[in-house]
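Structural overview
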Amino acid sequence: MINQELSRLDGLVGKLIELSKIESSHAAFERRPVRVSDLVDDALTSFEAIKFGANVDLQVRIEPGLMVYGDRAALAQAVGNLLANAWKYTRPDGKRIEVSAIGEGKRVSITVTDNGLGILRAEQAAIFEKFQRGSAGLQSGAPGSGLGLALVQAVVTAHHGKVDVRSEPERGARLRIVLPRCPETP
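In what follows, the accompanying structure is described. Residue numbers here run from 1 along each chain, matching the order of that chain's written sequence. Per-residue local features are limited, in this predicted model, to residues with pLDDT of at least 70; the limit for side-chain atom pairs, both in listing and counting, is 80 or more; totals at the level of whole chains, interfaces and linings are taken over all residues. Hydrogens and waters are ignored; side-chain quantities use all the structure's heavy atoms.

Side note on the overall build of the protein chain
Each helix and strand in the protein chain was counted, giving 5 helices and 7 strands. Ordering the α and β elements of the protein chain from the N terminus gives α-β-α-β-β-α-β-β-α-α-β-β. Accessibility here uses a 1.4 Å probe with only protein chains present; expressed as a share of the type maximum, an area under 20% marks a residue as buried, one over 50% as exposed, and anything in between as partly exposed. A buried classification covers 44% of the 186 residues belonging to the protein chain. Residue contacts are counted whenever heavy atoms from the two residues lie within 4.5 Å of one another. Across the protein chain, contacts joining residues at least 24 apart in sequence account for 72% of those joining residues at least 6 apart. The Shrake-Rupley method, run with a 1.4 Å probe, gives the accessible areas here. Residue values count only the displayed protein chains as cover. Accessible area for the protein chain stands at about 10,400 Å²; split by element, carbon and sulfur atoms hold 53% of it. Comment: elements are numbered from the N terminus, with helices defined as DSSP H or I runs of at least four residues and strands as E runs of at least two.

Digging into the packing of helix H2 (residues 36-51) against helix H3 (residues 72-88)
It is the contact of H2 with H3, at a shortest axis distance of 8 Å, that shows an interaxial angle of 40°. The angle between the axes of H2 and H3 places the two elements in the oblique class. The chirality of how H2 crosses H3 is right-handed. Judged by residue contacts, Asp38, Leu39, Asp42, Ala43, Leu44, Phe47, Ile50 and Lys51 of H2 engage Arg72, Leu75, Ala76, Val79, Gly80, Leu83, Ala84 and Trp87 from H3. Within the contact of H2 with H3, the residues separate by chemical class into 11 nonpolar, 1 polar and 4 charged. What counts as an axis is a line fitted to C-alpha atoms, over the stretch in contact for a helix, and the angles between N-to-C directions run from 0 to 180 degrees. Angles are sorted into four bins: roughly parallel if under 35 degrees, roughly antiparallel if over 145, roughly perpendicular if 65 to 115, and oblique for all others. We call a crossing left-handed when the near helix sits turned anticlockwise from the far one by less than a right angle, and right-handed when that turn is clockwise. The nonpolar class holds Ala, Val, Leu, Ile, Met, Phe, Trp, Tyr, Cys and Pro. Asp, Glu, Lys and Arg form the charged class, and all remaining residues, Gly among them, are polar.

Digging into the sheet that holds strand S6 (residues 162-167)
Strands belonging to one sheet form pairs held by backbone hydrogen bonds; the direction of such a pair is parallel or antiparallel. Think of it this way: DSSP has to see at least two bridges between two strands before they count as a pair. Strand order in the open sheet formed by 5 strands is S2-S4-S5-S7-S6, with mixed pairing between adjacent strands. Strands at the two margins of the open sheet, each flanked by one partner only, are strand S2 (57-62) and S6. Each adjacent strand pair in this sheet contributes to an overall mean axis angle of 15°, direction not counted. Where strand S5 (residues 107-114) lies against strand S7 (residues 173-180), 7 bridges are found, and the strand directions are antiparallel. Its bridge partner being in S7, Val108 is matched across the sheet by Leu179.

By themselves, these figures tell us nothing about what the structure is for.
Here it is, written out as structure tokens:
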């Protein structure tokens with residue numbers, strides 16, 4: 001039990017250090033053209049470890065040819081955090097998660113939608129702040145530090161994008177990352 005707690009604390013400290021670096025503009029992002037399909041694939045690979053073979057109705061719809069300019073690993077982690085939250089805050093039976101990416105003019109939207117607990121409207125802005133979690137998530141007993149969405153927000157903001165949420169209690173959540181679009185490369 002002590003080893004588990006030490007591991008949890010180590011992860012928490014690591015997230016805090018990473019978040020602090022991003023917020024202070026000291027994070028070293030490797031910015032280059034990135035295929036959205038590649039960064040979503042990276043996020044889905046990480047997600048496989050989280051769900052560990054458990055059953056989930058996972059739908060993936062990525063518009064071909066979408067490109068963004070940024071750090072592939074950091075953006076994949078942001079999408080991975082959204083997937084992890086969708087998994088964590090959806091009941092064990094009948095989990096349904098959708099990942100989609102579409103071009104919208106000069107922007108690209110990457111969206112993760114679930115059929116989970118949902119988030120009260122009054123709490124939706126606060127969930128992107130450090131150590132904040134929605135009341136439904138707290139009541140569910142799902143583990144978490146309240147840093148995942150703060151990291152998503154910091155990474156996306158550092159990439160000149162935005163994150164938004166649409167949700168209703170007991171009707172799931174839709175979290176969307178919007179990033180500047182990069183022209184396709186040959």
